Amino acid sequence: MTTIAGRTPWRGVIVEYRDRLPVTDATPLVTLGEGGTPLILSDRLSRETGCRVFLKFEGTNPTGSFKDRGMTLAVSKAVEDGRTTVICASTGNTSASAAAYAAKAGLACVVVVPHGKVAPGKMAQTIAHGARVVEVEGNFDAALAVTRALADEYPVALVNSVNPFRLEGQKTLAFEVCDALGRAPDLHLVPVGNAGNITSHWMGYREYAAGGEIERPPVLFGFQAEGAAPIVLGRPVEEPETVASAIRIGNPASWTGAVDAASGSGGEILSVSDGEILRSHRRLMREEGLFVEPASAASVAGLSKLSSAGRVPAGATAVCVLTGHGLKDPAWGTSDAVPAAVLPPDAAAIAAHLRLDRP
């Protein structure tokens, strides 16, 4: 197929990286064209930190978050296995993705979410794609525990990141970063909630290093919110709290994988405050033109924190992963907005209101 630009269009992560994924000719292809997300150079952050800073914007995936990378593979394998229903626990992004890919595959989808803890934008997506939603009293960890129990006892496919196919799909982000840069970055920074992202990215970088595509993996840093930082504290958090709802998780399923990724690469799992997250969130919207959900900004907040501590080498290349689109949780993006003026359709009146001067 030839496009106007003379290039084959992006075909989704399973097709693009088929030789690096656990698929066979018997695996159905359930795709919405996920992956291929932009890697954007930030001039401002580069000047501030003294290194080249790139932003990997996962909000351009089909359902608006990185979850689609793993969901295409998890749902494809569920169909291959003959399952007719998928189930997941979620703080919102997983449920939206699972519901969309289940709809594409013609499967039923059951979503278990913590009551009153999911952003409306994410819940709207989940409902729109036809998922059956159950709200449970308690937090995400309680929701995940009950979905795991259901998957153990009934013929439903669990598509949370405890499903190894999810991590296999998510590792493709590391491939894309290296393919775009022509090398691995020196630093890779990512928000940490259930910890599947940092775990899978480390998998991807190590595979590219083992295959000779890159000389060596980057140093990985993961950032939890201070009110939901079990890995940093070294113990589960029973009642995690943060404005970054996507990473409001007190007992990450991929805890061990995250620790291995950070320590194995020479990096660390750290925390950032809600204030630091919201300041970086505002900067991404107002200075970079990127509308992201608050959790996405944890990586940029973390980079700023490392830079202030003198831990960012001059001239290094850093990649900050922005995990989800701002339409997922738009309230924080407009929380400090100036109300719109209501004026007559008169140019002079509008010019006066805006205090415009004639040339």
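Refer to the structure printed above.
Note that the coordinates shown come from a computational prediction; the quantities given were computed from them, not determined experimentally.

**Thoughts on helix H13 (residues 298–308)**
- Buried within H13 we find Ala-298, Ser-299, Val-300, Ala-301, Gly-302, Leu-303 and Leu-306.
- Remark: Gly-310 follows H13 within two positions and exhibits a positive phi of approximately 75 degrees.

**Some words on the pairing of strand E9 (residues 268–272)**
- Counting buried positions along E9 yields 4 of 5 residues, so the element is predominantly enclosed.
- Of the pairings in the sheet, the one linking strand E8 (residues 219–225) to E9 comprises 5 bridges and is parallel in character. Looking across to E9, one finds that Phe-223 is bridged to Leu-270.

**A short note on the sheet that holds strand E3 (residues 85–89)**
- One open sheet accounts for 4 strands, arranged E5-E4-E3-E6; its pairing is parallel. Two strands lie at the open edges of the sheet, namely strand E5 (132–136) and strand E6 (157–158), each paired on one side alone.
- Where E3 and strand E4 (residues 108–114) come together, 5 bridges link them in parallel fashion. Counterpart to Thr-85 in the pairing with E4 is Ala-108.

**Quick notes on the packing of aromatic side chains**
- Under the counting rule described, the total for this entry stands at 4 aromatic pairs.
- Grouped by ring-pair contacts, the aromatic residues Trp-10, Tyr-17, Phe-175 and Tyr-208 constitute a single cluster.
- Above the face of the Phe-175 ring, Arg-20 is positioned so that its terminal group lies 5.4 Å from the ring centre.

**Focus on the pattern of salt bridges**
- The full count for this structure, using the stated rule, is 16 salt bridges.
- A salt bridge links Glu-287 to Arg-283, with the nearest nitrogen and oxygen atoms 2.9 Å apart. Here Glu-287 pairs with Arg-283, and both are found in helix H12 (residues 274–287), just 4 residues apart, close to one helical turn.
- By relative accessible area, which is 22% here, Arg-283 ends up partly exposed.
- In this structure, a network of salt bridges that share partners links the residues Lys-56, Glu-58, Arg-69 and Glu-176.

Rules used in this analysis
- Here the residue numbering is sequential within each chain, running from 1 through the sequence in written order.
- Owing to the predicted nature of the model, reporting of local features is limited to residues with pLDDT of at least 70; listing and counting of side-chain atom pairs is limited to 80 or more, with chain, interface and lining totals taken over all residues.
- Based on all heavy atoms of the structure, the side-chain values leave hydrogens and waters out of the count.
- Exposure categories follow from relative accessible area, calculated using a 1.4 Å probe and restricted to protein chains: below 20% of the type maximum is buried, above 50% is exposed, and the middle band is partly exposed.
- Secondary structure elements follow DSSP: runs of H or I of four or more residues count as helices, runs of E of two or more count as strands, with numbering from the N terminus.
- In this description, strands pair whenever DSSP reports at least two bridges between them.
- Aromatic rings from Phe, Tyr and Trp, with only the six-membered ring used for Trp, were paired whenever their centres fell within 6.5 Å, and each pair was classed as stacked if the ring planes differed by under 30 degrees, edge-to-face if by over 60, and tilted otherwise.
- A positively charged side chain is recorded as over a ring if its NZ (Lys) or CZ (Arg) lies within 6 Å of the ring centre. The angle to the ring normal must also be within 35 degrees.
- Salt bridges are defined as contacts in which a side-chain nitrogen from Lys or Arg sits within 4 Å of a carboxyl oxygen from Asp or Glu.

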